[in-house]
Amino acid sequence: MRLIGLDPGLRLTGWGVIDVEGNRLRHVAHGVVRVAAERSLAERLAELFDAIAAVVAAQKPGEAAVEETFVNINPGSTLKLGQARGVVLLAPARAGLPVFEYAANLVKKSVTGAGHADKRQIAMMVGRLLPGVEASADAADALAVAICHAHHRATRRALAKRVEAAL
C-alpha cells in the first residue's frame, strides 16, 4: 500500500510518500511545496491545492494522512494555518483517497517514542526507519505522518481481524 503523509503549512507544506508491505516501510519520494508569501490568501490557497493535487496525481497513493493543527498564541495565524490545512485535506479527498488525521504529539510519539520530540529528533528517526533518507524538517515531518499512519493502520487492521474472528 502506498501512503502519503502531509504536514500542512501556508508557506511550506511537507509531503512524503512511503510504500508499506506488512511491517516493511520503503521510501518513495518526499518534498516541500513552497507558496509565495506575497500573494493574496486566496491565491496562496489555490496554489497550495494545485501543488498537493499534482503530487497526489503523480505519486498515486492509496491513502493520505495529515497532521492536525495545533492551536498557537496568535489566533490569526491559527486561522490561516487551519485554512491551509483544509486545502491540504481537500486535495487527496477530491482524488478519492481516504484521509486520516493524526495529532502532532501522536506522530512524534509513534516515530520517536516521545510526544514532545523536536524536529531534529524526528528527522533522525525518519532517517533510521527509512535508511538513506535525508529530508528537510517539513518533508521529514510529512514522512513521520506517513510512518505514523502505517503503524496505526496495521494496528486497526489487526484489531478488526480479532473482532471478526471473535464474532
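This text follows the structure it describes.
Residues numbered from 1 in each chain as written. Predicted model: local features only at pLDDT ≥ 70, side-chain atom pairs only at ≥ 80, totals over all residues. Heavy atoms only, no water.

Visitor: I tried to follow the pairing of strand 4 (residues 63–67) on my own but got confused; where do I start?
Guide: A regular strand places its side chains so that they alternate between the two faces of the sheet. Burial analysis of strand 4 places five of its five residues in the buried class, the great majority of the element. Here strand 4 shows no split at all, with E63, A65 and E67 on one side and A64 and V66 on the other all buried. Bridge count for strand 4 against strand 5 (residues 99–102) is four bridges, and the pairing is parallel. Each bridged residue has a counterpart across the sheet, and for V66 the counterpart in strand 5 is E101. (Buried < 20%, exposed > 50% of the residue type's maximum accessible area, 1.4 Å probe, protein only. Helix = DSSP H or I, 4+ residues; strand = E, 2+ residues; numbered from the N terminus. Pairing = 2+ DSSP bridges.)

Visitor: Would you mind showing me how to read the environment of A140 here?
Guide: Structurally, A140 can be placed in helix 5 (residues 137–166). With relative accessibility at 2%, the residue A140 sits in the buried group. Spatially, the C-alpha atoms of A140 and K60 are 20 Å apart, while their sequence positions differ by 80 residues. Excluding its chain neighbours within four sequence positions, the residues that come into contact with A140 are I122, A123, V126 and A135. (Contact = heavy atoms within 4.5 Å.)

Visitor: Explain the packing of helix 3 (residues 104–112) against helix 4 (residues 119–129) here, please?
Guide: When two helices pack together, their arrangement is given by the angle between the helix axes and by the axis-to-axis distance. Put simply, helix 3 and helix 4 touch, their axes get as near as 9 Å, and they point 45° apart. Regarding the angle of helix 3 to helix 4, the classification is oblique. As for the relative orientation of helix 3 and helix 4, their crossing is left-handed in sense. Along the contact surface, helix 3 presents K108, V111 and T112, while helix 4 presents Q121, I122, M125, V126 and L129. Residue classes in the contact of helix 3 with helix 4 are distributed as five nonpolar, two polar and one charged. (Axes fitted to C-alpha atoms, helices over the stretch in contact; angles between N-to-C directions. Parallel < 35°, antiparallel > 145°, perpendicular 65-115°, else oblique. Left-handed = near helix turned anticlockwise from the far one by under 90°. Nonpolar A, V, L, I, M, F, W, Y, C, P; charged D, E, K, R; others polar.)

Visitor: What is the right way to look at the pattern of salt bridges in this model?
Guide: A side chain with one charge may pair with a side chain of the opposite charge, provided their charged atoms come close. Under the counting rule described, the total for this entry stands at seven salt bridges. K119 is the partner of D141 in a salt bridge, and the nearest nitrogen-oxygen pair spans 2.3 Å. You can see D141 sitting in helix 5 and its partner K119 sitting in helix 4, a full 22 residues away along the chain. Taking relative accessible area as the criterion, D141 reaches 6% and is therefore assigned buried. (Salt bridge = Lys/Arg side-chain N within 4 Å of Asp/Glu carboxyl O.)

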